[in-house]
2 protein chains.
Amino acid sequence: MSETEWIKRYIAPLVTSEGADGLRDDVAILSTDGVVIVSMDTLIEGVHFLENDPMETVGRKLVRVNVSDILAKGAAPYEALLSIAWPRGWVEAEFAALIRGIARDFEAFGISLIGGDTVGTEGPLSLTMTLTGQCFGDGPVRRASGSVGDWLWVSGEIGWGHMGLEAAVGGGDAAAVKRYRVPVIGNNDLAKIIAVKASASMDISDGLLIDVLRLSQASGCGAEIDLDRVPLAQPSDGLDVVLEQCTGGDDYAVLVAAPQGAAMPGFTRIGVLTDKTGLSLRHKGKNVNVPVTLGFEH
Amino acid sequence: MSETEWIKRYIAPLVTSEGADGLRDDVAILSTDGVVIVSMDTLIEGVHFLENDPMETVGRKLVRVNVSDILAKGAAPYEALLSIAWPRGWVEAEFAALIRGIARDFEAFGISLIGGDTVGTEGPLSLTMTLTGQCFGDGPVRRASGSVGDWLWVSGEIGWGHMGLEAAVGGGDAAAVKRYRVPVIGNNDLAKIIAVKASASMDISDGLLIDVLRLSQASGCGAEIDLDRVPLAQPSDGLDVVLEQCTGGDDYAVLVAAPQGAAMPGFTRIGVLTDKTGLSLRHKGKNVNVPVTLGFEH
């Protein structure tokens, strides 16, 4: 079966936007109601997912890493473009499974495919998605708009990405493996709360601590984090185990700053933006040293 | 130098849209004045460009294959997202040259970078660009909207991509190599003419004949092409040499249909949409057989 046939059979059903014109053309008309934002993420086999990860979960992860960026800005996922660079010898069943995973999460998050490209490669499977989002507020909630005194909150749990990768590589806990392969992320309800209440927001992809530092620095603040408050995949009294999870990355939870006292349903309060520089950490009521590596640095 | 430093130094200067917020965030606000269209193209080393192609021309080609799609729809290039998957051991000078090429053509075509992703790969260099376009008319000129009797026209010359690839691989004519590496494409003036005059339009990327067939089939017509009229990179009396260029692909010229008699400055008339099925070809006043391979089939 040719690439054209694969596209017809598997990819065309992902199209629900009129502007895509059924992918019969080289371009799509973008839906542009309200303020539209856009993100782009690439996943490479062997770097962002493992060779033996099932293709269906790879497809779901591709959607989720992009959706996570959009939700964190207080916006609803909207329309997507998809580039697939497939390795030589790739078979129809793998392609079908990848698209099945993408389709499942497109439906879950209300996304329509509107375009993309499919090419062959001598290298590993490479997937790039461009995703638009429709803002619930007047614009995206930026990471640079926090203020001294704002409380810091996280959605979901921290550490699953890291614990799950270890489990996937080492043959560990299946539930953790699953959460590495298909990150649990929020939905439009979460995005609405962010749009209404958050002063600053970003998704946590490289590690909680490095992303706290980024948000606070962008906002011209410092940050203090109470490690005992961080909702962990593997709760622990040991500082090492806590820090491992807080610097491991691949969480796709959301970190927000919000004015003191604001109720943030679905979020856990973990700290505060301060007028100091950099990061300070508390653990069991004491200040502890900030680790040298705060997360994944690109 | 870290990825973050490379991005600051080389990529940040490509940002001219306010909505990109200087790439300081995970998302950009899309500019949405008028009707906005979008395309996405991926180029892979060893597939879409050669290993020894200079990085600056690779960057320019990446921009041009995307711009070609947008211009062909009667729209002006607008905002871009860029994903770079770079191979291990890639050095700063190569990265800088790639971005220099992209920057040069972003400036030439008035494009602002608004986002993207940079990742490492064990495989070949892989580049994906998402490009938006602002329509000059009420919407994009589709490939499916031609009518029986419309004349068919092409912009530029056909065959450079094919001749240039042969020259690049075989050590041939430098001018042809250059046109393979940096396709000569139109500009906004061409797009305006398309928006105002064309009934159907598409860019020619897989070969003139296959793309003529696609446009005519999408429009519910057949097509007759007078091969003597086709403006060729290497004009020839020999049918084989003519057909080689008309099926070689990588032209990035524009194929349009327009009502009979419409003046199409910058275009060459090559044929007509008919009420028959499929393609018919004339050469030196006689009907000739349609070749088995009309171009590159995905």
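The rules behind these values
Residues numbered from 1 in each chain as written. Chains lettered and ligands numbered in written order. Predicted model: local features only at pLDDT ≥ 70, side-chain atom pairs only at ≥ 80, totals over all residues. Least-squares fit on C-alpha atoms with pLDDT ≥ 70 in both. Contact = placed C-beta atoms within 7 Å. Pairing = 2+ DSSP bridges. Helix = DSSP H or I, 4+ residues; strand = E, 2+ residues; numbered from the N terminus. Expected span 1.5 Å × (residues − 1). Buried ≥ 20, exposed ≤ 12 C-beta atoms within 10 Å, placed from the backbone. Nonpolar A, V, L, I, M, F, W, Y, C, P; charged D, E, K, R; others polar. Domains from an automatic or database assignment. Right-handed = clockwise from strand over helix to strand, strands pointing away.

Chemist: Any details on the relation of the copies chain A and chain B? Residues and values, ideally.
Modeler: Expressed as a screw transformation, the operator carrying chain A onto chain B has a rotation angle of 180° and an axial translation of 0.0 Å, and the superposed copies differ by an RMSD of 0.0 Å. In symmetry terms, the pair is related by a two-fold rotation axis. In terms of proximity to the rotation axis, the leading residue of chain A is A:Gly123, whose C-alpha is 2.1 Å off the axis. Comparing interface residues between copies, 100% of those in chain A also sit at the interface in chain B, which points to an isologous, same-surface contact.

Chemist: So what's going on with the pairing of strand S11 (residues 279-283) of chain B? Residues and values would help.
Modeler: All names here are of chain B. Where strand S8 (residues 222-226) and S11 come together, four bridges link them in parallel fashion. Within the sheet, the bridge partner assigned to Ala223 lies in S11 and is Leu279. Sheet topology places S11 next to strand S12 (residues 286-288); three bridges connect them, and they run antiparallel. Along S12, the bridge assignment pairs Arg282 with Asn287. Where S11 folds back on S12, the antiparallel hairpin that results is connected by two residues, among which Lys284 adopts a positive phi of roughly 55°.

Chemist: Explain helix H3 (residues 92-109) of chain A residue by residue, including any values.
Modeler: Residue and element names in this part refer to chain A. Look at H3: 26 Å from first C-alpha to last across 18 residues, which is about the 26 Å you get at 1.5 Å a residue. Of all the residues in H3, the buried ones are Phe95, Leu98, Ile99, Gly101, Ile102, Ala103, Asp105, Phe106 and Phe109. Remark: Gly110 follows H3 within two positions and exhibits a positive phi of approximately 70°.

Chemist: Summarise the interface of chain A and chain B; cite the residues concerned and give the values.
Modeler: Each side of the interface is counted separately: chain A has 55 residues, and chain B has 55 residues. Put simply, the parts of the chain that give the side of chain A that touches chain B at least two residues each are helix H1 (3-11), strand S1 (28-29), strand S2 (36-44), helix H2 (55-72), strand S3 (75-87), strand S4 (112-121), strand S5 (126-135) and strand S7 (200-204) of chain A. Considered class by class, the residues forming the side of chain A that touches chain B number 21 nonpolar, 20 polar and 14 charged. Both S2(A) and strand S1 (residues 28-29) of chain B contribute to a ladder of two bridges, which runs antiparallel. In the sheet register, A:Val38 faces S1(B), and the bridge partner there is B:Ala28.

Chemist: Got a sec to walk through unusual backbone geometry? Specific residues and values, please.
Modeler: The backbone of A:Lys284 sits at a positive phi, close to 50°, despite the residue not being glycine. Assignment of secondary structure puts A:Lys284 in the loop between strand S11 (279-283) and strand S12 (286-288). Residue A:Lys284 is classed as exposed on the basis of its C-beta count, with 10 C-beta atoms lying within 10 Å. One non-glycine residue with positive phi stands out, namely B:Asp250, at about 65°.

Chemist: An account of the domain arrangement of chain A is requested, with residue identities and associated values reported.
Modeler: Put simply, an interface is often sized by how much accessible area is lost when its parts join up. Residue and element names in this part refer to chain A. As assigned here, chain A comprises domain 1 (3-135) and domain 2 (151-287). Inter-centroid distance (C-alpha atoms) of domain 1 to domain 2 is 27 Å. Between domain 1 and domain 2, the contact holds 17 residues from the first and 17 residues from the second. Those elements that provide at least two residues to the side of domain 1 that touches domain 2 are H2 and S3.

Chemist: Describe the pairing of S4(A), listing the residues and the values that go with them.
Modeler: Each regular strand shows side chains that alternate between the opposite faces of the sheet. Residue and element names in this part refer to chain A. Pairing between S3 and S4: nine bridges, direction parallel. Paired with Glu79 across the strands is Ser112, a residue of S4. Handedness of the S3-H3-S4 crossover: right-handed.

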